[in-house]
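Structural overview for review
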Amino acid sequence: MLPRSLWATGEVCWRCQWRLVNKRHNIRQIQTRHWVSAIKLQQTPRRALHAAAIRSQLATAPTPPSTPSPSTFEPALFLRPHDLPIREHLEQWQHQYGGPTEEVLSAFENHPAHNEIRNGLSKLSSGFKADDDARTSEWDAAQEDDEGEELITIGLFLKPGDVVELSQQGREPVLAVFVQQLENVSQFFSVNGRWTHSVLTKVAFAITGCIDPALLQPLLPFLPTSPGKADPKGDVHVPTTIAAPIQKTLERMTEEAEKIYRTNAPVLDTAYAVLADPVRTRMMTLTQIAKTLLARTDPTWAPSPAALLAVRKALNHNEFRFRSDARSHRLTNVFAIRPKNDVLVVETVHEWIREYREYLAQSVNRSHEATRKRTKGATYIVDFLEKARRLIANSRKHREPNVGVLGPSKPRALSRNAPSNLHVTWGESFTSTDKQIINFLQAWVLNGQFTSMPGLHTACTSLISASECYGAGVVQSFGVTQQGVSEIKPATGLLFLQEIGVLSPHENRSIYDEQLMLPTVRLSRNLELLNTKAELTRRNPDFRDSMADLRRDWGSTTVYCIDDAGAHEIDDGISVERIEGQHSEFWLHVHVANPTAFFDKTHTLSGLAAHMTESVYTPERSFPMLPTWATQGYFSLDRNRPVITFSSRINSTGGVLETKIQHGIIRNIVSITPSELATLLGVDKTVETRKLVVGGKVPRDKVRPLPSVSPNQLQELHDLYTAAQALWETRKAAGGIRFGTNAASVRIFENANQAGMTWNPPSMERARLIQGDPIIELTAISPEGFMQFTIGPTNIVEEMMMLAGQIAASWCSERNIPVMYRGTIESPTGDGQSPEELKKIVHSHFEQHGTIPLELATRYTKSLGRAIAHSAPLPHKIIGVPGYVKVTSPLRRFSDMIAHWQIEAAIRYEARSGKKLDANELSTTSPSILPFSQRQMQESIVTLSPRERIIAHTQRESSHFWSTMAILRASKYKEAPLPDVFKFWVRFVNHGSVAAWRGSIGHLPEYGLKAVMSEEASVREGDEWEVQLDRVDVFMRSIYVKPVRLLSRAEDVE
């Protein structure tokens, strides 16, 4: 601060003098550039004035009075010369002291200030808008790149110039243009003149190619390059003159959409009444909805981008009635229109809760009068809450409430002589109005139907709160603050439904995903109809073999079906033939189940398979894609069963010399497990495993004798192992990688004699009290490293399946047949090193050290691109093959069935015509030969790929649920010993770029579990930390740990 001797009393008002003397600290502090930036100043918030000039341009400007030393100077008291106009004085002040600080500019590597250009930028309103940075949970932020899952199609990546809708809860969406991708963060510039960031999966709607990418180039110097460091409400924004062309385009689109909406408001505002069915969920695309509402009588009309935006606005105003899946909506643009009956229930119960809250408000001052005037709706709520309190009180005699889940049964509640771990007793009945209220709560808790709908969410929380059963100190907390425990949220709602006897204490809510459409979801009426039709088909399936005349009898050839003893369906088997006179060459055959030869894509079973997309396996139960009577009775591999065989002749180095696809019948089957195969080959390597068991003793697996194989069969197994090793070496040389994953294997036992659990749907008729708990077994195999460079006998099947996929891709590509190809494409951003460069580094490091650090393994994997599904062939760099199509699981994956139908149609055509099929030539000159055209295949990919991701997510989250349940029971209820500290491998570090949390996600390698570690400033990807268990959130399926000390950190590898 200036010494008093430097104060010019005539220039500083009495109020400012008083403020400076008393050093008030409640005014916002600012920083200035260079040496001034270290001085904290008490000053009212200022508005940055826009100016831009190079230092030299101001060299001739009037020179301000001599400035004091930096240690005493305060820019707030920079004195104005008497002959200098105020405006010029302010411009000079802004130029010299008002620019962004070095700290602020560190997030803007391309900012002109780094090149000595000074910019005072227009500061926009800091009010919260829909284009503020999107915030995600810690799991969402990491799931963006989780488990190496395939993306949907190449179109998943936005391109510069694409216009998107950005949404925030409770606010109208705003338009923004996609500018660039910064690793896993997408950068946008909005109609409001703001830059903002989000993860790509949060973008629900996009219009491609709206703005010339060249117009975006001038924006780049003023946009953050490090989103985690940049403040959207800070000093640095794009100058208005540069932003103007972009904003005008976005404003024009917004105005056009608003005009269409106003013109058609009577129709758009009543869209639900026009489109909805009373009892059935309707699925329609945005374009179909727009045509129905805006141009029902004009079949040639096509909606403009503005028309689509106007229709979306109408649908967003009825968000509950028109449901969309944010995970895939940008690609599918599909809306599910809820049945009118379902909407009526929700609106009715919502009104009852409103009436009940009004009744409570009136009761404060007029208790007796209010009781007499209580409405029917309020009465229904009061009666339900009274019943709920009784049921909850009874439940707590047997189980204590935890955050989002009931604890295990108390010992005194268990019957020692019960044959099952689980025992059910029945309680009070639910009335028809109780059922409506329960359905309302289930929509909130299980199906997530009220997400981003604050009105319905608040109604649910107020209802739970009114039960007065979840106050402070009631729910047991394990590492959670009492404030967090007392907050009413969906986890509390799940606990409430468990305590009143509707949901099982062990309910896995992952399987209630609406988009999954399993029998567990009440809205899966289509699935119920398909199952009914399939059951009728069972009486007379009328399967006819369309490939009967083209089948080869494999006779005495031994087909080895290598799978776990408890495999549900046997999709595939393998065999090998030595070539006479060629000791180093083999014919490898992959024999695959062949249901598609017996029914076409219009069959009832095809409709059921398309609806299911895949078989769904969770630790407690499975949901098969095709009925068990069909797979086990007709198509699962066994003696005398039909197959489609993918064959390849290879040499000793794994090179493919010849391929073919043929149909046949297998006669000779040998079933063997992977561990038995390793034993027979004499390479049964001991691996380090760790088990965690809660709830009782796991039944012993039945020990069966090793399969009896002849010397010739044993030699064939050795040949298969040799061939598999050669195939892997070829893939590895092409850049293919193998991950040393150690995800925990989870098994559930209802009792010591029964694996899995009996299906107990929500009890809607009366309260159900379940005593006892299932046995949970977690098994983790300690990985040898983050990447593996050799394979063992247990990898033989994997290599053969990869080979079959390559054969199918090559065969279909040669004939231009559209199928669901799998491959990789480069991410829009990279770290500067090519896959080839990183591959050399990886192999060199492995040769020197024998292991690969996680950071290097992650960097190499990212360089290979992202896996996608596409209708045209493309290389798959991650697995190291020129092309790949999944064809080996037609009994449990619908995309494999599509590939089989396409291949079989081509084989029949070639057999009839005697010439090789070219799908491109025939598509314009003759009736369709293939069941699926190029356009239909693209539509199928867009439909199937999101569901494949949902199913993979459900299976993964189901394992997480049971794992967290086991850890909770082991740690809090001491059902199994746990160590005091764990190892933690850091896989992902978030510094707060687009998520509302800071911390890291990684694995507990001893148990194969994912965990979240609280923020630690020095944490880096690839670190190994020692951690302690912090808390377990069963509802969110998350394990939280806190750091103890750093164990190891890999040095940067270049």
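Fair warning: this is a prediction, and the values are worked out from it, not measured in the lab.

Bringing the overall build of the protein into the picture now. In terms of regular secondary structure, the protein is built from 28 helices and 39 strands. By the burial criterion, 53% of the 1054 residues in the protein qualify as buried. Considering only contacts in the protein between residues 6 or more positions apart, those separated by 24 or more positions represent 74%. As displayed, the protein offers around 47,800 Å² of accessible surface, 51% of which is attributable to carbon and sulfur atoms.

Next up on the list: the sheet that holds strand β5 (residues 163-166). The strand order β8-β7-β6-β5-β9 describes an open sheet built from 5 strands, whose pairing is antiparallel. The sheet is open, and its two borders are formed by β8 (195-198) and β9 (206-207), each paired with just one other strand. Here 6 bridges tie strand β6 (residues 174-182) to strand β7 (residues 185-190), and the two strands are oriented antiparallel to one another. What sits directly across from Q180, in β7, is Q187. Packing of helix α9 (residues 305-316) onto the sheet brings it into contact with β5, β6 and β9, and relative to β5 it is tilted by some 15°.

This paragraph deals with the pairing of β6. Where burial is concerned, most of β6 is hidden: 8 out of the 9 residues are buried. Bridging between β5 and β6 involves 4 bridges; their strand directions are antiparallel. Bridge pairing in β6 places V164 opposite A176. Hairpin connection, β6 to β7: the antiparallel pair is bridged by 2 residues, and E183 has positive phi, about 55°.

Before going further, it helps to examine the sheet that holds strand β12 (residues 334-337). In spatial order, the strands read β10-β12-β11; together these 3 strands make up an open sheet with antiparallel pairing. Each edge of the sheet is formed by a strand with only one pairing partner; in this case those strands are β10 (282-285) and β11 (322-323). Here β11 pairs with β12 via 2 bridges, running antiparallel. When the bridges of β12 are listed, R323 appears paired with A336.

In the predicted model, the protein carries a mean pLDDT of 82, and the fraction of residues at 70 or more is 81%. Highest mean pLDDT in the protein belongs to strand β22 (residues 641-650) (97); lowest belongs to strand β4 (residues 117-120) (34). Confidence over residues 1-12 falls short of pLDDT 50; this stretch has 23 contacts with residues more than four positions distant or in other chains. Taken together, the stretch residues 133-148 has pLDDT below 50 and engages in 56 contacts with residues farther than four places along the chain or on a different chain.

Tallying each qualifying case throughout the model produces 21 aromatic pairs. For the ring pair W629 and Y634, a centre distance of 6.3 Å and an interplane angle of 80° mean the geometry is edge-to-face. Across the ring face of Y359, the terminal group of R374 is positioned such that the distance to the ring centre comes to 5.5 Å. Sitting above the plane of the W811 ring, R815 keeps its charged end 3.7 Å from the centroid.

Glancing now at the packing of helix α24 (residues 835-849) against helix α25 (residues 854-863). Helix-helix packing is characterised by the crossing angle of the two axes and by the distance between the axes. Relative to each other, α24 and α25 sit at 150°, their axes nearing to 9 Å. Judged by the angle between their axes, α24 and α25 are roughly antiparallel. Where α24 crosses over α25, the handedness of that crossing is left-handed. On the side of α24, the interface is formed by P835, L838, K839, I841, V842 and H845, while α25 contributes L856, R859, Y860 and S863. Within the contact of α24 with α25, the residues separate by chemical class into 6 nonpolar, 2 polar and 2 charged.

Once that is clear, we can look at the environment of V1044. Within the fold, V1044 resides in strand β39 (residues 1038-1048). Separated by 16 residues in sequence, V1044 and Q1028 have C-alpha atoms that sit 6.7 Å apart. When neighbours within four sequence positions are excluded, V1044 is seen to be in contact with E1026, V1027 and Q1028.

Let us now look at the nonpolar core. Among the nonpolar cores identified, the biggest contains 203 residues, and L441, F496, I500, L588, F646 and M800 are the most heavily contacted of them. Considering every element that reaches this core, the biggest residue donor is helix α23 (residues 796-814), with 11 residues. Residues within four places of L588 in sequence aside, it is in contact with S575, V576, F646, S647, S648, I650, L720, A723, L727, M800 and L803. Of all hydrophobic cores here, the second largest spans 36 residues; its members include L968, V986, L1009 and A1011.

Working note: α-helix, 3.6 residues per turn, so residues spaced by three or four point in the same direction. Relative to the 33 Å expected for 23 residues at 1.5 Å per residue, helix α22 (residues 711-733) spans 33 Å between its end C-alpha atoms, a close match to the ideal helical length. One or two residues past the end of α22 sits G735, with phi positive at roughly 105°.

Before going further, it helps to spend a moment on α25. Extensive coverage of α25 is indicated by the burial of 8 of its 10 residues. Residues L854, L856, A857, T858, R859, Y860, T861 and S863 constitute the buried set of α25. Along its buried surface, α25 packs onto β26 (738-739), β31 (787-788), α24 and β35 (982-990). In the segment just after α25, G865 is the residue with positive phi, at about 100°.

Under the criterion given, the structure shown has 41 salt bridges. Across the pair R544 and D542 runs a salt bridge whose closest N-O atoms are separated by 3.2 Å. Between E814 and K916 there is a salt bridge whose closest N-O contact spans 3.4 Å. Here K916 lies in the loop between α26 (894-913) and α27 (919-925) and E814 lies in helix α23, a separation of 102 residues in the sequence. Through salt bridges with shared partners, a single network forms among R731, R738, E798 and E799.

Conventions adopted
Residues numbered from 1 in each chain as written. Predicted model: local features only at pLDDT ≥ 70, side-chain atom pairs only at ≥ 80, totals over all residues. Heavy atoms only, no water. Helix = DSSP H or I, 4+ residues; strand = E, 2+ residues; numbered from the N terminus. Buried < 20%, exposed > 50% of the residue type's maximum accessible area, 1.4 Å probe, protein only. Contact = heavy atoms within 4.5 Å. Areas by Shrake-Rupley, 256 points an atom, 1.4 Å probe, with all protein chains shown as cover. Pairing = 2+ DSSP bridges. Axes fitted to C-alpha atoms, helices over the stretch in contact; angles between N-to-C directions. pLDDT = per-residue confidence, 0-100. Phe/Tyr/Trp six-rings, centres within 6.5 Å; stacked < 30°, edge-to-face > 60°. Lys NZ or Arg CZ within 6 Å of the ring centre and 35° of its normal. Parallel < 35°, antiparallel > 145°, perpendicular 65-115°, else oblique. Left-handed = near helix turned anticlockwise from the far one by under 90°. Nonpolar A, V, L, I, M, F, W, Y, C, P; charged D, E, K, R; others polar. Core = buried A, V, L, I, M, F, W, Y, C linked by side-chain atoms within 4.5 Å. Expected span 1.5 Å × (residues − 1). Salt bridge = Lys/Arg side-chain N within 4 Å of Asp/Glu carboxyl O.

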